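Fold and geometry: a report
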Amino acid sequence: MEGAQAIGLAALSITFLVGLSRAMILFIVTSGLSFVLGVLRVPNVAHGSLYMIGAFAAYSISVLFGGGSAGFWLALIFAPLVVALVSLIAERSLFRHLYQREHLMLLLFTFALMLILGDLTKIVWGADYRSIMPPTLLRGSVSLFGSPFPKYNLFLLIIGPLVAIGLWLFSSRTKMGKIARAAAVDMEMVGAIGINVSWVFAFAFVLGCMLAGLGGALVSPTISVTIGMDHDIIIEAFLIVTIGGLGNMWGAMVGSLIFGITQSFGILFWPQFAIVFPYLAVVIVLTLKPTGLLKSVW
Amino acid sequence: MLRVEDLHKSFDKFKAVNGAYLTVEKGQLVAVIGPNGAGKTTLFNLITGQLQPDKGKILLNDEDIGKLPPHVICRKGIARSFQIANIFHRLSVFRNVQISVLSQRKLSNKLFQPAARLVVNETHRILESVGLLDRKMDVAGSLSHGDKRILEIAIALGNEPELLILDEPTAGMSPEETTTAMALIQRLAQEEGLTILFCEHDMEVVFGTAQSIMVMQQGHSIIQEEPEIVRLNTEVQQAYLGDE
Amino acid sequence: MFREMIRQKSFGVSVIIFGVLLLAPSFLPRFYIYFLAVIFVTALLAMSLNLCVGHGMIFQFHHGVFYGVGAYTAGLLLAKTSLPWWIAFMAGPLAAAFTGLLIGLFCIRLNRLYFGMLQISLGSLIWAIAFRWYDLTGGDDGIHGIPIPDFIASTTSSYYFVLIVLGICVVLMYLILKSPFGSTLQAIRDNPERCAAVGIHVRRHQLKAIVIATFFGGVAGVLFVVVEGSIYPGLLFWVLSLEIFIMCLLGGWFTFAGPILGAAIIVSLRTFVGTIQNIGPIENVGEYWTLILGVILILLIFFLPEGIMGYNYRQLFRSRMKYSSESQVE
């Protein structure tokens, strides 16, 4: 009981905020997965690989530009674009030939893509750990509730909602967004009114992957970038979209919050098996609402 | 036997079924007619459990079956055929019917007996009564369209139903096939004592065979009466027969 | 029941092959005996997965979990307790089936594709626990030198044990697929909505299939321990699950024996690739096995979606459609 007494309110609050900021990255990544899920009706297993490529690309870009603050901001802009390019190549060369086939084939393709991208990453960057420094602006910590709270996490707490609002505006206000939402509900109708369904798919896939890449770039200063990141994140992302409601972007937010916060508290209370806490939350949610908390998009 | 009272079902904002009423007495041959989009298939889906009603009651022998899932409703004695041929394409004709017979006899879970030897006579009997016995070894997907619809009915018969619901049984059939099919349906009603509820497009077919006709339009029931009364009803003539 | 089986043409061929395999230790060097044993274990694993995938369209994407649970249960009981070997051997498949039931209960409520997605995530929890619980499982290192009972400890005797168990399991699986349970499962695969309409409780039936499949997966896990004498977390890692899935696809997932062929090919390929050192500028090609696996999968998707045996079957099928005898038509 000594340990529990030593954990004061300050530590709990910091843990909560750390979990919240981690949830922001989870949200950015899973919103991309959800988006692809909604439009293509297929869980993109390679989503984690693109996240990993985003992180590695961010590393390389920042090194390319001197490794300092400028390097970071440039990496943040260009890494998602690199990922978008990779996904576009994969989509136009191979993926799109499968749109007429059954969904299982699409899913298997994303599996193959994951395997291939995983090893390609190993070939290009090697198996060593990489790390990148946050820009000078975001280094160090602020004092919150008397305890240190990393400035970078504060940055994430701002970026997350910004991305959420951006996505919401995009899907409800822009033409492309509305088409994507319509496609999620009734693909045939969209094709019937003359819109090129293949390009809608391509767009959705690339946008989703770009979000994964953005998540990877954002996470790179906080963890060691290495092979295996793809597996870790995709497992979490699958859980999050399942408990949030398949294809539902707000579901991705809710799921990410639950996951990130329980994970953070897990690390506080039981570091060796911290992983059990978010899983426990998932099991509870799925027992009560087997198809997720929010409605599936279709 | 079956009574539907004030049934409602919407999809988002669209009211597919908006006040449907239906009565089916035991041993009757009842038809539901109405223009396209009137809600006939939705009504059937509500009765057999593929959909859940928003409001209203579906009573089978005075038991409310509205919220039950399809496999439970089947066990209560209702079997159905589907509008779009919903057979097991890769399996043989024999196997198609055998699956439902096995299910009816609660044998689906037997692990260590050969399926080939079980319920063979019963399956043959059903195939013979619909006229498909000589094709029992053919792959179901290779049947003509008309024969597939007959197979649909045969699969439903495997469930030894009290009430047989047929969703547009003669859809897409040629005139000869239609006559054969309707003769079969009437024979089933008389010889097997089956209660049959079906919906149809073909007016001649309906008026020639049904004992009671319910007319639907835009999701609600206009009238349910004997054919002659329905034929003379002005509202029906305006709404439906007038368009024909 | 056996009469039907014996009448099949393929039965004669299988008996001959089985006979040859029984005699193998007398004319093959030890390494090849070990190699064949590994293929047998993998073949059983692939067959067990195909019960779900090929015959039930249940996308069991993390079947490896049950393999690993079977192996770990048996291995840990043998290594850390003094319980008799046959208890450990029985506990493995039972634990695997129980895990299959638990995970299945959560996943079965989602539609087809998402079933697999959730299973990967839930199964990964077990991997993570095995990975981190160093005291119990040896963590990343695993446990080696597990005491195997003497009568099956040597390469040759373990080979016979595995071969016989494989033979028994294959016969059992054949009988199950030809039973009403198997027929109904295949009907559910082809048209689950229709099955519900004829009174079948689809989800429950699928869950039963999952329990059976994971049971056999657990048996494969126990056999792994017999052959290798060790356990390690890689057994529970989902890339292995993917590999098994590819084996089923490669061999022919709608056929009965396809997975065996797929397992043989993949295991042979993996062993072969592991021996290559350099191809041109690329060193250590063996390290990039997952890349090769991914390429194989892509080739399968685009060119051979029904697998090798599936493709041959279809050629046969087309000429026999009108004259199908009971045994030909599925």
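These figures come from a predicted structure and were not determined experimentally. (Residues numbered from 1 in each chain as written. Chains lettered and ligands numbered in written order. Predicted model: local features only at pLDDT ≥ 70, side-chain atom pairs only at ≥ 80, totals over all residues.)

1. Here's the deal with the overall build of chain A
- Each helix and strand in chain A was counted, giving 12 helices and two strands.
- Going from the N terminus to the C terminus, chain A shows its helices and strands as α-α-α-α-α-β-β-α-α-α-α-α-α-α.
- Counting only C-alpha atoms and orienting by the principal axes, one finds that chain A spans roughly 65 × 50 × 35 Å.
- Burial analysis of chain A (298 residues in total) assigns 50% to the buried set.
- Within chain A, contacts between residues at least 6 apart in sequence are counted, and of these 78% link residues at least 24 apart. (Helix = DSSP H or I, 4+ residues; strand = E, 2+ residues; numbered from the N terminus. Buried ≥ 20, exposed ≤ 12 C-beta atoms within 10 Å, placed from the backbone. Contact = placed C-beta atoms within 7 Å.)

2. A short note on the interface of chain C and chain B
- Contact residues are listed per partner, giving 26 residues for chain C and 35 residues for chain B.
- For the side of chain C that touches chain B, the element with the highest residue contribution is helix H9 (residues 180–190) of chain C, accounting for six residues.
- Taken together, the residues of the side of chain C that touches chain B break down into 12 nonpolar, seven polar and seven charged. (Nonpolar A, V, L, I, M, F, W, Y, C, P; charged D, E, K, R; others polar.)

3. Looking at helix H6 (residues 151–173) of chain A
- Compared with an ideal rise of 1.5 Å per residue, which puts 23 residues at 33 Å, H6(A) spans 33 Å between its outermost C-alpha atoms and is within 8% of the ideal.
- If you follow the buried residues of H6(A), they end up packed against helix H2 (9–40), strand E2 (147–150), helix H9 (197–219) and helix H11 (249–269) of chain A. (Expected span 1.5 Å × (residues − 1).)

4. As for the sheet that holds strand E10 (residues 220–225) of chain B
All names here are of chain B.
- Strand order in this open sheet of six strands is E6-E7-E8-E3-E9-E10, and the pairing throughout is mixed. The open sheet has two edge strands, strand E6 (78–81) and E10, and neither has a second partner. Neighbour-to-neighbour, the strand axes of the sheet open up by a mean angle of 15°, direction not taken into account.
- In this sheet, strand E8 (residues 195–200) lies alongside strand E7 (residues 163–167) in parallel orientation, the contact comprising five bridges. From the neighbouring strand, Asp-167 faces E8, where its bridge partner is Cys-199. (Pairing = 2+ DSSP bridges. Axes fitted to C-alpha atoms, helices over the stretch in contact; angles between N-to-C directions.)

5. Considerations on the interface of chain A and chain C
- At the interface, 26 residues of chain A touch 24 residues of chain C.
- Among the elements of the structure, helix H5 (103–125), helix H10 (229–244) and helix H12 (276–288) of chain A are those that each provide at least two residues to the side of chain A that touches chain C.
- Looking at the side of chain A that touches chain C, the element that brings in the most residues is H5(A), giving 11 residues.
- Here the side of chain A that touches chain C is composed, by residue class, of 20 nonpolar, five polar and one charged.

6. Here's the deal with the sheet that holds strand E2 (residues 14–24) of chain B
All names here are of chain B.
- Pairing is antiparallel in the open sheet, where four strands are placed in the order E2-E1-E4-E5. The sheet is open, and its two borders are formed by E2 and strand E5 (63–64), each paired with just one other strand.
- Pairing of strand E1 (residues 2–11) with E2 involves eight bridges; the strand directions are antiparallel. Following the sheet pairing, Leu-2 is matched in E2 by Val-24.

7. Here's the deal with the pairing of E1(B)
All names here are of chain B.
- Relative to strand E4 (residues 55–60), E1 runs antiparallel, the two being bridged by five bridges. Considered in E4, the bridge of Leu-2 is made with Leu-60.
- Linking E1 to E2, which pair antiparallel, is a turn of two residues; within it Asp-12 sits at a positive phi near 55°.

8. A look at the packing of helix H3 (residues 30–56) of chain C against helix H11 (residues 202–228) of chain C
Residues and elements named next belong to chain C.
- Look at H3 against H11: their axes get within 9 Å of each other, and the N-to-C directions meet at 170°. By the angle between their axes, H3 is roughly antiparallel relative to H11. Note on element contacts: H11 touches H3 through Gln-206, Ala-209, Ile-210, Ile-212, Ala-213, Phe-216, Gly-217, Val-219, Ala-220, Leu-223, Phe-224 and Val-227, opposite Ala-37, Val-38, Val-41, Leu-44, Leu-45, Ser-48, Leu-49, Leu-51, Cys-52 and Gly-56.
- Of the residues assigned to the contact of H3 with H11, the class counts are 18 nonpolar, four polar and no charged. (Parallel < 35°, antiparallel > 145°, perpendicular 65-115°, else oblique.)

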